[in-house]
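# Examining the three-dimensional arrangement
What follows is the residue order along each chain.
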Amino acid sequence: MSTDTTTWNTLFILVRRDVLKTWRESADLLYPIMFFVLVTILFPFALSPEILVLKSFAGGLLWIATLLAMSISLENLFKTDYSTGALEVIVLSGVPLLLVGLAKAIANWVLSGLPIIILAIPLALSLGIDAFSLSILLLSLTLGSATISLIGTAIGALSVGLRSSGMLVIVLALPFYIPLLIFGAVATSNSQAGVIPEAELYFLAGLLALAVTLTPWATASAIRTRLS
Amino acid sequence: MFKFLYHYSSLRNFYFFSEKLLPFLLITFVCLVTYSIYGALISAPADYQQGDSFRIIYVHVPSAWMSLLIYMVMGLSSVSVLVWKIKLAEITLSAVAPIGAVFTLIALVTGSIWGKPMWGTWWEWDARLTSELVLLFLYLGVIALLNAIDDRRTGARSASILCLIGIVNIPIVHYSVEWWNTLHQGPTVSKFSSPSIHIDMLIPLLTMTVAFMLYCLIISLYRIRTMILVYDKDSQWVKNVITDNREQI
Amino acid sequence: MRNSLEIRNLSVERSNREIIKDLSLSLTEGNLVHLKGANGSGKTTFLRALAGLINPSQGGIFWNESNISENIFFQSILNYVSHNLGLADELTALENLSFLRSISRKTPNKTVEASLDIMNLKNFQDCRIALLSAGQKQRASLAQLLMFNCPLWLLDEPFNSLDAESCGVVESLIDDHMSNGGIAIVASHQKFQSSTAQHVVEL
């Protein structure tokens, strides 16, 4: 029992540190979110200001903006900890690397996933999404963004400290997001047609469960590899 | 069994073992490919719907299979790299990745060429072609990561981790793309929709696939052998090999 | 049993180049090693291998006769202070060290405040690391040595950017550690005072 509480406690401390660190360095926090809003408001200029046109694309469009914005937030996840040597100190503290990997993913979700989901509400409404579809969109974004954070953390750990790692991490991560994009966007468009997209949401939840169990291992061994 | 594996996973032993193996592989490959080309272009009858244009499957289908097979080989190498730290697996991983990428590209290009008479367009968002396209990017990701890291051992380990994430994702990508495809377009004309392919068409396809496998194996062995020489360049046996070759010339 | 660190025929490869070749060394309690060498001679690589961060290409490192690569608790007996410092710029010295103390599996020793006080950083403990001078950062990083009770110290250029007074503090820290039966390996390009004899290893 006591080991359980220390594990949760350690996880909490790790997450809190990362959140505090990024909170102080507000650029890392703000740029991905600004990027998300900017990408979304570009679409009406490209497609049409007609709400009927925008409405049919709204789900996919917000999903693409989320994928891109969360991908650019990945670079900062390990960058400063790697360059200052803090990552090395954390590894040498003896804390299980699985926890470090999981904590980084949670911190990434709190810092970029959560604000994006919140901002998606006014943006979706401005694109003409109705209340029911909005709730489905938010649910799919919540499940999907958590998976994105988990996969992205592993990829971010793999590419930290490499040449042009900012672009590399995006190029490496995006192919893995395709299933999420498919299920997320389809869930939203189905809900707009009045169907409750149970299957799609179950798939998203299943992918999240898979990511929670597998990606911390990948992140842990990526951290160890990058430090060696 | 493990002693056997250990013996052949040493770089030096593998180098000399593969040297003996290569001539046999080459002869078998030449025989098989000659027969398959004859079977594919001459003895197989023209398709009653597609005419002669169907014959591109003798390149397209084996390439698509190779693209998956090579990724599986990379997956196995990755496990060996991460769990047993086998040097030969590290070399294999970086040696076969570009080969896999090229076969994926061939599958895509031939699929697109085949699509022109079949669908009337060069590119159709067909499930198979689309997941093949995603696979190409998984290959390019592994190659990019290998190139970005100077230290070959950490490079191979990093690429192994990425490759294993990819292995888990390939079926997910494949089935989600297929599901997306049926959802948006209704069932498309699958390339294997004809349930009974004529036996004269099938046999050359199978032999051609085996020929492709042999080709991949031969090319991989050449690449691995060259990389072994670079890897072990400071050791005495490599110096001996190089001076021997020089004397023969 | 007396603690012992044994390095047997250690070779370490970095970027396809053998940096450390066939190095053997045997240390027990109270042994202090001064690691010397030109820039790029492999001092940091050697210390990182000892810390278990880099896998040796040949040979091994044994703590109390057990290979460190097979001992997952090895990290809890060593204190490694790298020249990279390892402190997050955005956090204060106090936050950085409290974080480390709370997640670490090493045996705790002094409190964070007491450690910072000994390193003469009491008045700066709430400053962000980014705002501290190079010497102050170095001292904040060295405060890790006081927070934990580790028998093995690996110090990478601990006297970097320190003034004479702070150098004296660090030297006395090393002396205390040695008299308590610790083992220390100090990579430094400059000479330093110590009451115990220094084994000099030139890379």
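Note that this is a predicted model, so its numbers are computed, not measured.

The subject of this paragraph is the interface of chain A and chain C. Tallying the contact residues gives 24 residues for chain A and 27 residues for chain C. Taken together, the two surfaces of chain A and chain C that pack against each other cover about 2,300 Å², and 59% of this comes from carbon and sulfur. Across the contact surface, chain A and chain C share two salt bridges. Put simply, C:Glu95 and A:Arg24 hold a salt bridge, and the shortest N to O gap is 2.8 Å. Across the contact surface, chain A and chain C share nine residue pairs in polar contact (both at pLDDT 80 or more). When contributions to the side of chain A that touches chain C are tallied by element, the ones reaching two or more residues are helix H1 (2-24), helix H3 (51-83) and helix H4 (86-92) of chain A. Counting residues per element, the side of chain A that touches chain C draws most heavily on H1(A), which supplies seven residues. Taken together, the residues of the side of chain A that touches chain C sort by class into eleven nonpolar, eight polar and five charged.

Residues and elements named next belong to chain C. Spatially, the four strands line up as an open sheet ordered E2-E1-E4-E5, and their pairing is antiparallel. Edge positions in the open sheet fall to strand E2 (17-28) and strand E5 (66-67), since each of these has one partner strand only. Of the strand pairs in this sheet, strand E1 (residues 4-14) and E2 are connected by eight bridges, and their pairing is antiparallel. Bridge assignment links Leu-5 to a residue of E2, and that residue is Leu-27. Helix-sheet contacts for helix H1 (residues 43-50) involve E1, E2 and strand E4 (58-63), and the interaxial angle to E1 is about 125°.

This next bit is on the layout of surface pockets. Estimates place the volume of the second largest pocket at around 990 Å³. If you trace the second largest pocket, you find 35 residues lining it, with A:Ile64, A:Ile178, A:Leu181, A:Ile182 and B:Trp180 closest to the centre. Of all the secondary-structure elements, those providing two or more residues to the lining of the second largest pocket are H3, helix H7 (165-173) and helix H8 (178-192) of chain A together with helix H5 (127-148) and helix H6 (152-185) of chain B. By residue number, the principal contributor to the lining of the second largest pocket is H8(A), which donates nine residues. A class-by-class count of the residues in the lining of the second largest pocket yields 24 nonpolar, eleven polar and no charged.

A word on the confidence of the model for chain B. Mean pLDDT over chain B works out to 87, with 91% of the residues at or above the 70 mark. The ipTM, which scores confidence in the relative placement of chains, is 0.90 for this predicted complex, and the corresponding pTM is 0.91.

This brings us to the pattern of salt bridges. Here the structure, examined in full by the defined rule, presents 16 salt bridges over all chains. For the salt bridge of A:Asp81 with A:Lys104, the shortest nitrogen-to-oxygen distance reads 2.7 Å. Here the residue A:Asp81 occupies a position in helix H3, and A:Lys104 occupies one in helix H5 (residues 97-126), the gap between them amounting to 23 residues. The buried category is assigned to A:Lys104, whose relative accessible area is 2%. Put simply, B:Glu19 and B:Arg225 hold a salt bridge, and the shortest N to O gap is 3.3 Å. With a gap of 206 residues between them, B:Glu19 in helix H2 (residues 11-43) and B:Arg225 in helix H7 (residues 199-231) connect regions that are remote in the sequence. A relative accessible area of 39% places B:Glu19 in the partly exposed class. Through salt bridges with shared partners, a single ionic network connects A:Arg17, A:Asp18, A:Lys21, A:Asp81 and A:Lys104.

Bringing the environment of A:Thr40 into the picture now. Residues and elements named next belong to chain A. By the element assignment, Thr-40 lies in helix H2 (residues 26-46). Overall, Thr-40 belongs to the buried group, its relative accessible area being 2%. Sequence separation between Thr-40 and Trp-63 is 23 residues, and the spatial gap between their C-alpha atoms is 9.5 Å. A distance of 2.7 Å separates a polar atom in the side chain of Thr-40 from the backbone oxygen of Phe-36.

All right, on to the packing of aromatic side chains then. By the definition in use, this model includes 13 aromatic pairs over all chains. Ring centres of B:Phe103 and B:Tyr215 lie 6.4 Å apart, and the angle between their planes is 80°; this geometry places the pair in the edge-to-face category. Of this pair, B:Phe103 sits in helix H4 (residues 87-119) while B:Tyr215 sits in helix H7; the two residues are 112 residues apart in sequence, bridging distant segments of the chain. Ring pairs connect the aromatic residues B:Phe29, B:Phe103, B:Phe212 and B:Tyr215, which therefore count as one cluster. The positively charged end of A:Lys104 is found above the aromatic ring belonging to A:Phe78, 5.2 Å away from the centroid. If you follow B:Arg152 out to its NZ or CZ, it ends over the ring of B:Tyr231, 3.9 Å from the centre.

The next point concerns the interface of chain C and chain B. Accessible area lost upon the coming together of the parts is a frequently used measure of interface size. Each partner contributes to the interface: chain C provides five residues, whereas chain B provides four residues. Both faces considered, chain C and chain B share a buried interface measuring about 430 Å² in area, 31% of it formed by carbon and sulfur atoms. Of all residues in chain C, C:Glu13, C:Ser15 and C:Asn16 bury the most surface against chain B, accounting for 77% of the area lost on that side. Between the two partners, chain C and chain B, sit zero salt bridges. Where chain C packs against chain B, one counts zero residue pairs in polar contact (both at pLDDT 80 or more). Broken down by class, the residue content of the side of chain C that touches chain B amounts to no nonpolar, three polar and two charged.

We now examine the sheet that holds strand E3 (residues 32-36) of chain C. Residue and element names in this part refer to chain C. Taken together, the five strands give an open sheet; going across it, the order is E6-E7-E8-E3-E9, and neighbouring strands pair in parallel fashion. Among the strands making up the open sheet, the edge pair consists of strand E6 (78-81) and strand E9 (198-202). Mean inter-strand twist for the sheet, computed between neighbouring axes without regard to direction, equals 15°. On the sheet, H1 packs against E3, E6, strand E7 (152-156) and strand E8 (183-187) and is oriented at approximately 155° with respect to E7. Running at roughly 150° to E8, helix H6 (residues 164-179) makes contact with E3, E7 and E8 of the sheet.

What follows is about H3(A). Residue and element names in this part refer to chain A. Under the 1.5 Å per step criterion, the end-to-end length of H3 is 47 Å for 33 residues, consistent within 8% with the ideal 48 Å. Where H3 bends most, at Ala-58, the angle is about 55°. Where H3 ends, the next residue or the one after it, Gly-85, has phi of about 85°, a positive value.

Calculation notes
- Residues numbered from 1 in each chain as written.
- Chains lettered and ligands numbered in written order.
- Predicted model: local features only at pLDDT ≥ 70, side-chain atom pairs only at ≥ 80, totals over all residues.
- Heavy atoms only, no water.
- Contact = heavy atoms within 4.5 Å.
- Buried area = accessible area lost by both parts, 1.4 Å probe.
- Salt bridge = Lys/Arg side-chain N within 4 Å of Asp/Glu carboxyl O.
- Polar contact = N/O pair within 3.5 Å; in protein donor to acceptor, adjacent residues only side chain to side chain.
- Helix = DSSP H or I, 4+ residues; strand = E, 2+ residues; numbered from the N terminus.
- Nonpolar A, V, L, I, M, F, W, Y, C, P; charged D, E, K, R; others polar.
- Pairing = 2+ DSSP bridges.
- Axes fitted to C-alpha atoms, helices over the stretch in contact; angles between N-to-C directions.
- 1 Å grid on protein atoms, 1.4 Å probe; cavity = no way out; pocket = protein on both sides within 12 Å on 5 of 7 lines; lining within 4 Å.
- Points joined across faces, edges and corners; volume = space filled by probe spheres on them.
- pLDDT = per-residue confidence, 0-100.
- Buried < 20%, exposed > 50% of the residue type's maximum accessible area, 1.4 Å probe, protein only.
- Phe/Tyr/Trp six-rings, centres within 6.5 Å; stacked < 30°, edge-to-face > 60°.
- Lys NZ or Arg CZ within 6 Å of the ring centre and 35° of its normal.
- Expected span 1.5 Å × (residues − 1).
- Bend = angle between axes of the 7 residues up to and from the residue.

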